[in-house]
Amino acid sequence: GENVEQHPSTLSVQEGDSAVIKCTYSDSASNYFPWYKQELGKRPQLIIDIRSNVGEKKDQRIAVTLNKTAKHFSLHITETQPEDSAVYFCAASNLGQFYFGTGTSLTVIP
Amino acid sequence: GAGVSQSPSNKVTEKGKDVELRCDPISGHTALYWYRQSLGQGLEFLIYFQGNSAPDKSGLPSDRFSAERTGGSVSTLTIQRTQQEDSAVYLCASSPKRGATYEQYFGPGTRLTVT
């Protein structure tokens, strides 16, 4: 089955700096890669996603890149703000089944 | 429109009792998922329903756990003879199917505490 690894597990950045979270997956059949943000005590919220026919997608300060050959994808957050502090989960999906990474706790220091 | 809803939001039960957790998916979503999240941990897959197909139960941790989905809509997760290690937040998610991919939307969760 699919195996998703996520790094780093914790990340601290100064406000205004960029943050990068990386995930790798094992099943080349996976074709959908969402990223979720989970604030303390809240539900995971979909923040950006990318499909396997696209290499990069951007939405304001967040972007996701996908390298199908290397089987890895990354979340990039630019100009970080304190409200970006949360746990971020990546996932790889195939045929409706989702496999999640173990999460990255991001802290943005004002 | 309305999102995924779950009830109750909090449940405290005594060890050994049975509990039922309810999930109302987004209308029209064909796929429904249950996950468990212990404090500070990641998302543990439990079960996946897709349309009228047999559910994928591969994540259920023991035979004390079961789930059903009636009429392709509402789902109930049942935990029998609850144990303290069952304490966690139980999250439900639903997905439409867009082409070959599924976008997943989560409910607010049910926080289960077994005393």
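Residues numbered from 1 in each chain as written. Chains lettered and ligands numbered in written order. Predicted model: local features only at pLDDT ≥ 70, side-chain atom pairs only at ≥ 80, totals over all residues. Heavy atoms only, no water.

Asks: Would you take a moment to explain the overall build of chain B for this structure?
Replies: When you go through chain B residue by residue, the secondary structure sums to zero helices and 10 strands. Order of helices (α) and strands (β) in chain B, N terminus to C terminus: β-β-β-β-β-β-β-β-β-β. Taking 2.2 N^0.38 as the reference for a compact globule, 115 residues should give roughly 13 Å; the C-alpha atoms of chain B span a radius of gyration of 14 Å, in line with that estimate. Along the first, second and third principal axes, the C-alpha set of chain B runs to 45 × 25 × 25 Å. The proportion of buried residues among the 115 residues of chain B is 47%. (Helix = DSSP H or I, 4+ residues; strand = E, 2+ residues; numbered from the N terminus. Rg over C-alpha atoms; globule rule 2.2 N^0.38 Å. Buried < 20%, exposed > 50% of the residue type's maximum accessible area, 1.4 Å probe, protein only.)

Asks: Which parts of the structure should I look at to understand the nonpolar core?
Replies: For soluble globular proteins, the rule of thumb is that nonpolar side chains tend to be buried together. Within the largest apolar cluster, 23 residues are counted, with the highest numbers of intra-cluster contacts made by Trp35, Phe73 and Leu106 of chain A. In this structure, Trp34, Ile47, Ala67 and Val114 of chain B belong to the second largest nonpolar core, which totals 19 residues. (Core = buried A, V, L, I, M, F, W, Y, C linked by side-chain atoms within 4.5 Å.)

Asks: I tried to follow the environment of Asp27 of chain A on my own but got confused; where do I start?
Replies: Residue and element names in this part refer to chain A. With respect to the helices and strands, Asp27 occurs in the loop between strand E3 (19–24) and strand E4 (32–38). Looking at Asp27, the relative accessible area reads 27%, which means it is partly exposed. Residues Asp27 and Ser93 lie 66 residues apart in sequence; the distance between their C-alpha atoms is 9.4 Å. Other than its neighbours up to four places away in sequence, Asp27 contacts Glu2, Lys71 and Asn94. (Contact = heavy atoms within 4.5 Å.)

Asks: Help me understand the sheet that holds strand E1 (residues 5–7) of chain A in this model?
Replies: Residues and elements named next belong to chain A. Pairing is antiparallel in the open sheet, where five strands are placed in the order E1-E3-E8-E7-E6. Strand pairing shows two members of the sheet lacking a second neighbour, E1 and strand E6 (56–59), which therefore form its edges. Adjacent strand axes in the sheet meet at a mean angle of 15°, parallel and antiparallel pairs treated alike. Pairing geometry for strand E7 (residues 62–67) and strand E8 (residues 72–77), over six bridges, is antiparallel. Residue pairing in the sheet places Asn67 in a bridge with His72 of E8. (Pairing = 2+ DSSP bridges. Axes fitted to C-alpha atoms, helices over the stretch in contact; angles between N-to-C directions.)

Asks: What is the right way to look at the interface of chain B and chain A in this model?
Replies: Many authors give the size of an interface as the accessible area that is lost as the parts come together. The interface of chain B with chain A comprises 22 residues on the first partner and 16 residues on the second. Summed over both sides, the interface of chain B with chain A buries roughly 1,600 Å², with 54% coming from carbon and sulfur. Counting the surface chain B buries against chain A, the share from its top three residues, Leu43, Thr101 and Phe106 of chain B, is 30%. Counting across the interface, chain B meets chain A through one salt bridge. The interface formed by chain B and chain A includes seven residue pairs in polar contact (both at pLDDT 80 or more). Of all elements in the fold, only strand E4 (31–37), strand E5 (44–50), strand E8 (88–95) and strand E9 (105–106) of chain B reach the threshold of two or more residues within the side of chain B that touches chain A. Sort the elements by how many residues they give to the side of chain B that touches chain A and E4 of chain B lands first, with three residues. Here the residues of the side of chain B that touches chain A sort into 12 nonpolar, seven polar and three charged. (Buried area = accessible area lost by both parts, 1.4 Å probe. Salt bridge = Lys/Arg side-chain N within 4 Å of Asp/Glu carboxyl O. Polar contact = N/O pair within 3.5 Å; in protein donor to acceptor, adjacent residues only side chain to side chain. Nonpolar A, V, L, I, M, F, W, Y, C, P; charged D, E, K, R; others polar.)

Asks: Explain the packing of aromatic side chains to me, please; I cannot follow it from the model alone.
Replies: Both the distance between ring centres and the angle between the ring planes are used here to describe each pair of aromatic rings. All chains considered together, the criterion is met by 15 aromatic pairs over all chains. Ring centres of Tyr36 of chain A and Phe106 of chain B lie 5.3 Å apart, and the angle between their planes is 90°; on these two criteria the pair is classed as edge-to-face. Of the two residues, Tyr36 of chain A sits in strand E4 while Phe106 of chain B sits in strand E9, which places them in two different chains. There is no split in this pair, since Tyr36 of chain A and Phe106 of chain B are both buried. (Phe/Tyr/Trp six-rings, centres within 6.5 Å; stacked < 30°, edge-to-face > 60°.)

Asks: Help me understand the side chain of Glu2 of chain A in this model?
Replies: Residues and elements named next belong to chain A. Turning to its location among the elements, Glu2 is positioned in the segment before E1. Buried and without a salt bridge, Glu2 has Lys71 as its closest oppositely charged side chain, separated by 8.5 Å. Within the local environment of Glu2, its side chain forms a polar contact with the backbone nitrogen of Ser26, the two atoms lying 2.6 Å apart. There is a polar contact of 3.0 Å between the side chain of Glu2 and the backbone nitrogen of Asp27. Once residues lying within four places of it in the same chain are set aside, the contact partners of Glu2 are Tyr25, Ser26, Asp27, Ser30, Ala92 and Tyr99. (Lys, Arg positive; Asp, Glu negative; His and termini not counted.)

Asks: Just to check I follow, could you spell out the pattern of salt bridges for this structure?
Replies: A side chain with one charge can pair with a side chain of the opposite charge if their charged atoms come near. Using the criterion set out here, one finds eight salt bridges over all chains in the structure. Arg51 of chain A is the salt-bridge partner of Asp49 of chain A, the closest N and O atoms lying 3.9 Å from each other. Asp84 of chain A serves as the salt-bridge partner of Arg61 of chain A, at 2.9 Å between the closest nitrogen and oxygen. Placement of the pair is Arg61 of chain A in the loop between E6 and E7 and Asp84 of chain A in the loop between E8 and strand E9 (86–94), with a sequence separation of 23 residues. Arg61 of chain A gets classed as partly exposed once you look at its relative accessible area, which sits at 22%. A relative accessible area of 6% means that Asp84 of chain A is categorised as buried. If you follow the salt bridges from partner to partner, you end up with Asp49, Arg51 and Lys57 of chain A together with Glu103 of chain B in one network.

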